[in-house]
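Commentary on secondary and tertiary structure
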Amino acid sequence: MAVRASLACFPSDAALQESSGIPWGVAVTPFSAADERGAAPATGAEGHLLPRCDSCYAYFSTLCPLHRWSWSCAICSADNDLTSDASARYARDGGQDPPEMRSAFVDLLLPGEEGEATTTTPVYVAAIDLSSSEEFLELVKSALLAALEAISPGSLFGLLTFSSKIGLYDVQGPIPIVKNAFIPPDSDGTLLVDLEDVMPLRSFLAPVDGCKDRIAEALETIKPISSWEITATASEVQDHALHHARGFGLAMDAVVNYLCSEYGSLFELARIFTFLSGPPNYGPGQIETRSDVDHNAAKMLGSDHTFISEQTNFYTNLAASAVQAGVCVDLFAITNEYTDLSSLKVLSVESGGSLYMYSSTDESTLPQDIYKMLSRPYAFGCVLRLRTSSEFKIADSYGHFFPDPQYMHVQHINCCDSFATYVYDFEFQKDSQFSRKSSPPILQIAFKYTTIVHQGDTSSDVSNSVSRSKFTLQRRLRVRTIQYNITANIWDLYDFVDPDVVLTILVHQVILASLSDVLEARIWLRDWLVNFIAQYNKAYKVVRSGGTGMSDIDVDFIHCSQLQPLSRLVFAFLLSPLLQFHGQGIHPDYRTYLQCLFSALEASSLRQAICPTLISYSSPDDVEAEVHQSLSRSVFNSESPIFLLDAYTDLLVYYSPTVSSTIPFPPPRLLRSKIDRLKQERNITPKLVFIHGAHDDTTAFERYLIEDQSVDGSLVASATGFRSFLEGIRSRIAEYSR
């Protein structure tokens, strides 16, 4: 569990926090294997014995004063009695201390919550759009073959297709068999026949290790409906319409209900991979299918900076059903056609899944991404709760979770991997402050979750594939308690700022604001930077009383190196496609994809995605590399002719036109090893591009040199690059200071 605070030294009171101009909060990655410093938790098997406060329900930790028969809560200071068993547990009679006495970061097994030796089976279902192209299906087939390699032996796998009908595949016999259920065009949200009656679920879900070859055979039989014969009859027009039908909504609703009957007996979490080549246009949940231009004109009311709102709440209701059925939906959209991901995203976000978007099949990294997703560990049935000591509280929380309907600040997460991050913004309780006489501020994050443990082969009978691999459930509790220092000095606050976490909080706030109006979100972000730099200057007395000279205003944070990245990060964020207008050529679905991606990344990755890193090398085998602070064409003055630009979703290798002909292109050995390592570390596979300045188009590389670009004129008049942007900020501050 990694926890990073925007202010590592907490402000003593609300006035100091407000005068600093810095958002106060934390970014929490609950399922990361270690903390932010790389330290693993203390583990144990008796999580049910961990004492809880009778007043605030916080957990006992090393920060709680312990007495012979009682303990004091570190969060609320309440006194709690110890049971005789707990007192003996903490008596320290020469044996090893329990985990909660050895570390403030523990991960404990909760025996009995899931029943004794509860077994389960991982279940995966692939849902493929047949209203697509041959290229689309070839890509999906490659992705599913990669998925089959990543899935644990003993897992169950189901294959279905959807168009104007739902196709269910039985691959457990000698040859694959498909049975269809037709989707009525005027359906009220139900099929004429249940999928269980079309094919029993136990026939649909096949053991991967025993049926992998037949699943691959079934994939080869799948063809796009555009390749089917259209009979030239009087009903040809209707037939043609059905051949382009994409009944995604009802197909998903039906398969969720299909799986629901076995929830809790066969599986605790089923994952559905849905592959879309365009908008749902048939049956319940269909999306308006006009062109981007027409759609924008209808929805935007003459404004190209209002984000397109979702057209239907069908998928919100479907997401709630998926959560109740223990189903996680991962949505893969491989299309450049308007698909209204703003309506569809809730299905993946609320159910704990992921949303991926690829504009074309040619450059798609779908096979690598799905393999990565299934190879890394994940938790499910998660409950996340952050508690604070009494002087401050949670103001807002952000992330892909759904809030508990009964308890405040309790978040439910259907599926969580080691990258998923959640953000909290703090504020002081009314009339409260930290003082030398009060206890230091304390956070406690509790994360209760379930994992599936593969016990390996349990039988030598190769004919009984299901029984050969055994999976058991583990319910665990992870608790991290952190104590922070406080300061009444604004200089200390600035010296302990974490720019990455500040950016993370701003990104979440701006995404929320951009849902209603992108222009207002841009203005708010620019105004935040103006106010922050003004507060900084006031603190350092750079803006002198009565002075109006612009040269007196420090916009480069020359007095505090810790703050220096913030201006560049905000500038880069303003240039992000997430905050561009429709009229600037930004596809609305791409912006929705970025929203989902950015709002789940941990702080360092998010900074990389917003503001790329540029490194230069004198040769492909150069160990000593130069990291450039500037993202402008001035880097071309570097004596090193090879550049590696890391923009998180893109990796670009650029060779200067003057590079020696003796240097191989693309680069071998050392530089290629670094690139491969970066690709492996990501939760998505970055697109790798090699550009030789002597004969290739360099546009893809130069568009990341953001400091040479201009911010939109409606935000900063006459701004033409980063330095001019800062001069505009300086002018605004000078104007306010008069």
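Quick caveat: nothing in here was measured; it's all calculated off a predicted structure.

Conventions adopted
Numbers given to residues run from 1 along each chain, matching the order in which its sequence is written. pLDDT decides what is reported in this predicted model: residues at 70 or higher carry local features, side-chain atom pairs at 80 or more are listed and counted, and totals for whole chains, interfaces and linings draw on all residues regardless. Excluded from the side-chain calculation are hydrogens and water; included are all heavy atoms of the structure. Strands are runs of DSSP state E lasting at least 2 residues, helices are runs of H or I lasting at least 4, and numbering of each runs from the N terminus. Any pair of residues with heavy atoms lying within 4.5 Å of one another is described as a contacting pair. Each accessible area is a Shrake-Rupley result for a 1.4 Å probe, and residues are judged covered by the shown protein chains and nothing else. If DSSP finds at least two bridges between two strands, the strands pair. In this analysis, axes come from line fits to C-alpha atoms, helices being fitted only over the stretch in contact, and the angle between any two N-to-C directions falls in the range 0 to 180 degrees. For every residue, the accessible area obtained with a 1.4 Å probe (protein chains only) is divided by the maximum for its type, and the residue is called buried under 20%, exposed over 50%, and partly exposed between those limits. Salt bridge, as applied in this entry: a Lys or Arg side-chain nitrogen positioned within 4 Å of an Asp or Glu carboxyl oxygen. Residue types Ala, Val, Leu, Ile, Met, Phe, Trp, Tyr and Cys, when buried and joined through side-chain atoms within 4.5 Å, form a set referred to as a nonpolar core. Aromatic contacts are taken between Phe, Tyr and Trp rings whose centres are within 6.5 Å, Trp giving its six-membered ring; a plane angle under 30 degrees counts as stacked, one over 60 as edge-to-face, and the others as tilted. Any Lys NZ or Arg CZ found within 6 Å of a ring centre and within 35 degrees of that ring's normal is scored as a charge over the ring. Polar contact is the term for a pair of N or O atoms within 3.5 Å; when the atoms are in protein, one must be able to donate a hydrogen and the other to accept it, and sequence-neighboring residues count only if both atoms are side-chain atoms. Comment on the angle field: the value is read as roughly parallel under 35 degrees, roughly antiparallel over 145, roughly perpendicular from 65 to 115, and oblique elsewhere. Each crossing is labelled by how the near helix is turned from the far one, with a counterclockwise turn of less than a right angle marking it left-handed and a clockwise turn marking it right-handed. Asp, Glu, Lys and Arg are counted as charged, while Ala, Val, Leu, Ile, Met, Phe, Trp, Tyr, Cys and Pro are counted as nonpolar; the rest, among them Gly, fall into the polar class.

Here we take up the overall build of the chain. For the chain, the helix and strand inventory stands at 23 helices and 29 strands. In the chain, 75% of the contacts between residues at least 6 apart in sequence involve partners at least 24 apart. Accessible surface for the chain amounts to roughly 30800 Å². Of this, 48% is attributable to carbon and sulfur atoms.

On to the sheet that holds strand S21 (residues 422–428). The strand order across the open sheet formed by four strands is S1-S3-S21-S18, and the pairing between neighbours is antiparallel. Both outer strands of the open sheet, strand S1 (2–5) and strand S18 (392–398), are each paired with one neighbouring strand and no more. When strand polarity is set aside, the average angle formed by the axes of neighbouring strands in this sheet is 25°. Bridge count for strand S3 (residues 25–29) against S21 is four bridges, and the pairing is antiparallel. Residue pairing across strands places Ala27 opposite Val423, the latter belonging to S21. Here helix H16 (residues 499–514) sits on the sheet and contacts S1, S3, S18 and S21; the angle it forms with S21, its principal contact strand, is near 95°.

As a further point, take the side chain of Thr451. Assignment of secondary structure puts Thr451 in strand S22 (residues 442–457). Of the residues examined, Thr451 reaches a relative accessible area of 13% and is grouped as buried. For Thr451, the residues in contact, after removing those within four places along its chain, are Phe31, Tyr378, Ala379, Phe380, Thr472, Leu473 and Gln474.

Quick look at the sheet that holds strand S29 (residues 687–692) now. Working definition: the strands of a sheet are paired by backbone hydrogen bonds and lie parallel or antiparallel to each other. Spatial ordering of the open sheet is given by S26-S25-S27-S28-S29, a layout of five strands whose pairing is mixed. Only two strands of the sheet have a single partner each, and these edge strands are strand S26 (626–628) and S29. For this sheet the average axis-to-axis angle between neighbouring strands, irrespective of direction, equals 20°. Two strands pair when backbone bridges link them, and strand S27 (residues 642–646) and strand S28 (residues 650–655) are joined in this way by five bridges, in the antiparallel orientation. Directly across from Ile642, in S28, lies its bridge partner Tyr655.

Looking now at the pattern of salt bridges. Under the definition given, this model contains 27 salt bridges. The shortest N-O distance in the salt bridge between Lys141 and Glu138 comes to 3.6 Å. Within this pair, Lys141 and its partner Glu138 are both found in helix H4 (residues 134–150), separated by three residues, close to a single helical turn. Arg633 is paired through a salt bridge with Glu702; the nearest N and O atoms lie 3.3 Å apart. Within this pair, whereas Arg633 is found in the loop between S26 and S27, its partner Glu702 is found in helix H22 (residues 699–702), the two being separated by 69 residues in sequence. Overall, Glu702 belongs to the partly exposed group, its relative accessible area being 26%.

Turning our eyes to something else, we now look at the environment of Pro185. Within the secondary structure layout, Pro185 lies in the loop between strand S12 (177–182) and helix H5 (195–198). Take Pro185: its relative accessible area is 59%, and that puts it in the exposed class. Remark: the alpha-carbon pair of Pro185 and Ala245, spanning 60 residues in sequence, is separated by 9.5 Å.

Moving on to the nonpolar core. Judged by nonpolar contacts, the single largest core of 196 residues is most densely connected at Phe275 and Phe598. The biggest single contributor to this core is helix H17 (residues 518–539), with 11 residues. With residues up to four places along the chain from it excluded, the contact list for Phe275 reads Ala126, Ala127, Ile128, Asp129, Phe136, Val140, Leu144, Phe162, Phe332, Ile334, Leu366 and Ile370. Counting residues in each nonpolar core, the second largest holds 22 residues, with Leu50, Cys73, Leu82 and Leu108 among its members.

So, on to the packing of aromatic side chains. Summed over the entire model, instances satisfying the criterion amount to 36 aromatic pairs. Each ring, one from Phe10 and one from Trp24, has its centre 5.3 Å from the other, and the planes form 80°; the classification is edge-to-face. Residue Phe10 is found in strand S2 (residues 9–11), and its partner Trp24 is found in the loop between helix H1 (14–20) and S3; the two are separated by 14 residues along the sequence. Take Phe10: its relative accessible area is 0%, and that puts it in the buried class. Judged by relative accessible area, Trp24 falls into the buried class, the value being 1%. Here the aromatic residues Phe10, Trp24, Phe392, Phe426, Phe428, Phe434 and Tyr484 are joined through ring pairs into a cluster of three or more. One residue, Arg68, lies across the ring of Trp69, its end atom 4.6 Å from the ring centre. Its end group placed over the ring of Tyr378, Arg271 keeps NZ or CZ at 5.0 Å from the ring centre.

Bringing the side chain of Asp498 into the picture now. Here Asp498 is to be found in the loop between helix H15 (490–495) and H16. Among the polar contacts made by the side chain of Asp498, one reaches the side chain of Arg4 at a distance of 3.0 Å. If we skip the residues at most four places from it in the chain, Asp498 touches Arg4, Ala5 and Ser6.

Let's shift gears to the packing of H16 against helix H18 (residues 565–574). The contact between H16 and H18 brings their axes to 10 Å, and the two run at 30°. Comparing their axes, H18 and H16 come out roughly parallel. The hand of the H16/H18 crossing is right-handed. Mapping the contact onto sequence places Pro499, Val502, Leu503, Leu506, Val507 and Val510 in H16 and Pro565, Leu566, Leu569, Val570 and Phe573 in H18. Along the lines of polarity and charge, the residues of the contact of H16 with H18 split into 11 nonpolar, no polar and no charged.

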